[in-house]
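Residues per chain, in single letters:
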Amino acid sequence: MGIHFSQLRSPQVAEAAERGAVPVLPVGQTEQHGPHLPIITDALVAQRVCEEAVRRLDGRPPAHVLDTVCYGYSQKAVQQWPGTFVVPQCTVIEMVTSLVVSLIDMGFRKVAVVSTHGNHLAAMRAAAREVADRRGVGPGMFFPYATLSDLLKEKAKAEPGGSCHAGELETSLMLHLAPELVDMSAATADDRITALCPYGKEAFVSTWTRQKSKSGVYGDPTVASAEFGKELFEMMVDETAGFIRYYHELKQP
């Protein structure tokens, strides 16, 4: 039985549910990523991280990757540059909720949702709570970028504020995953974030309202490298696989 959920036949779906497999739903976005990265960046990273994480699980626990949710919410400011699709947050919440509820109704008791788009953090948590209210099952929600802070502090070449949107982090990942889609000749360091928030990750003021971007980038992609992208990707995959394993072992009431 392969790792891709959509390639299973209906009896195989029933069998996967019966043996306690975990469907893994990648959630990305299609939006502008400056002049040097493709608009599919978020969705491509989500898909590749989930696929490799499921392969590394090697059936322990059994897991299958669903097709990526490629369209979602981005702030209006991002629409200044062509390539950004905007789905209202309430629709994103309902879409993810409905997809997870559908899986639960097929017989799955654990569903993992992996998001690689920052604007979806609150929406994914809201969807998880909505699913729990409707079906009494708590889906696992994971944001693999949150696991990279120590590695970025240790090895990033950009100054602080260099990896928010289409900066060193995402550019390095794309140089590793799909270098043919990256145009480094168009990358500039003009939009490194300078309006940093000093109050930690639990405080939030939207970057797009704190500092204007010239190019649609927040960060410094000029120092990105495929080698660093590979290291970042490997950590994201390992942490995602670890989360799925942890979540699978959790006992639910």
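Scoring rules and cut-offs
- Just so you know, the residues in each chain are numbered from 1, in the order the chain's sequence is written.
- Per-residue local features of the predicted model are confined to residues with pLDDT of at least 70, and side-chain atom pairs are confined, for both listing and counting, to 80 or more; whole-chain, interface and lining totals are unaffected and use all residues.
- The side-chain values count all of the structure's non-hydrogen atoms but skip hydrogen atoms and water molecules.
- Think of a salt bridge as a Lys or Arg side-chain nitrogen and an Asp or Glu carboxyl oxygen that are within 4 Å of each other.
- We call a residue buried when its accessible area falls under 20% of the maximum for its residue type, exposed when it is over 50%, and partly exposed in between, using a 1.4 Å probe and counting protein chains only.
- Helix and strand labels come from DSSP, where a helix needs a run of H or I of at least four residues and a strand needs a run of E of at least two; each type is numbered from the N terminus.
- Between N or O atoms, a polar contact is any pair within 3.5 Å; within protein, one atom must be a potential hydrogen donor and the other a potential acceptor, and residues adjacent in sequence are included only when both atoms are from side chains.
- For our purposes a nonpolar core is just a set of buried Ala, Val, Leu, Ile, Met, Phe, Trp, Tyr and Cys residues, chained together by side-chain atoms within 4.5 Å.
- Working rule for contacts: check all heavy atoms of both residues, and any pair within 4.5 Å makes them a contact.
- Axes, fitted as lines to C-alpha atoms, cover a helix only where it is in contact. Angles between the N-to-C directions of the axes lie from 0 to 180 degrees.
- Left-handed describes a crossing whose near helix is turned anticlockwise from the far helix through less than a right angle; right-handed describes the clockwise counterpart.
- By this definition, two strands are paired if DSSP reports at least two bridges between them.
- Throughout, right-handed denotes a crossover for which the path from the first strand over the helix to the second runs clockwise when the strands point away from the viewer.
- To estimate how far a helix should extend, the number of its residues minus one is multiplied by 1.5 Å.

(A) Examining the pattern of salt bridges more closely. Within the structure shown, the criterion is met by nine salt bridges. For the salt bridge of R60 with D58, the shortest nitrogen-to-oxygen distance reads 3.8 Å. Overall, R60 belongs to the exposed group, its relative accessible area being 57%. Of the charged contacts, one joins E94 and R134 as a salt bridge, the two residues approaching to 2.7 Å between their closest N and O atoms. Here R134 lies in helix α4 (residues 121-135) and E94 lies in helix α3 (residues 89-106), a separation of 40 residues in the sequence. By relative accessible area, R134 is classed as partly exposed at 36%. A cluster of three or more residues bridged by salt bridges with shared partners is formed by E52, R55, R56, E234 and D238.

(B) Local environment of the side chain of H33. Note on placement: H33 falls in the loop between β1 (22-27) and α2 (41-57). Owing to a relative accessible area of 0%, H33 belongs among the buried residues under this scheme. A polar side-chain atom of H33 sits 3.1 Å from the main-chain carbonyl oxygen of E31. At 3.3 Å, the side chain of H33 and the side chain of E170 are in polar contact.

(C) A look at the nonpolar core. With 40 residues, the main nonpolar core has V24, V45, Y145, L173 and L232 as its most contacted residues. Elements represented by at least two residues in this core include exactly β1, α2, β2 (63-65), β3 (112-115), α5 (149-155), α6 (168-177) and α8 (226-249). When residues of this core are assigned to their parent elements, the largest contribution, nine residues, is made by α8. When sequence neighbours within four positions are dropped, the list of residues in contact with Y145 reads V45, T116, L169, E170, L173 and M236. L25, Y73, V100 and V137 belong to the second-largest nonpolar core, a separate cluster that totals 26 residues.

(D) Summary view of the packing of α2 against α6. Where α2 contacts α6, the two axes come as close as 11 Å, and the packing angle between them is 60 degrees. Note that α2 runs across α6; the crossing there is left-handed. On the side of α2, the interface is formed by T41, D42, L44, V45 and R48, while α6 contributes E170, L173, M174 and L177.

(E) Layout of the pairing of β3. Here β3 shows two buried faces, one formed by A112 and V114 and the other by V113 and S115. By the bridge criterion, four bridges tie β1 to β3 in an arrangement that is parallel. Bridged to V27 within β3 is S115. Here β3 pairs with strand β4 (residues 140-142) via three bridges, running parallel. Across the sheet, V113 pairs through a bridge with M141, a residue of β4. Regarding the hand of the β-α-β motif, the stretch spanning β3, α4 and β4 is right-handed.

(F) Broad picture of the side chain of T116. By secondary structure assignment, the location of T116 is in the loop between β3 and α4. A polar side-chain atom of T116 sits 2.7 Å from the main-chain carbonyl oxygen of D42. Apart from the residues lying within four places of it in its own chain, the contact partners of T116 are V27, G28, D42, V45, A46, F143, P144 and Y145.

(G) Spatial organisation of α2. The end-to-end C-alpha distance of α2, which contains 17 residues, comes to 24 Å, matching closely the 24 Å that a straight helix rising 1.5 Å per residue would cover. With 13 of 17 residues buried, α2 lies mostly within the body of the structure. In the segment just after α2, D58 is the residue with positive phi, at about 50 degrees.

(H) Here's a closer look at the sheet that holds β3. Spatially, the four strands line up as an open sheet ordered β2-β1-β3-β4, and their pairing is parallel. Among the strands making up the open sheet, the edge pair consists of β2 and β4. Averaged over all adjacent pairs, the angle separating strand axes in this sheet is 20 degrees, with direction ignored. Examined bridge by bridge, β1 and β2 share three bridges and lie parallel to one another.

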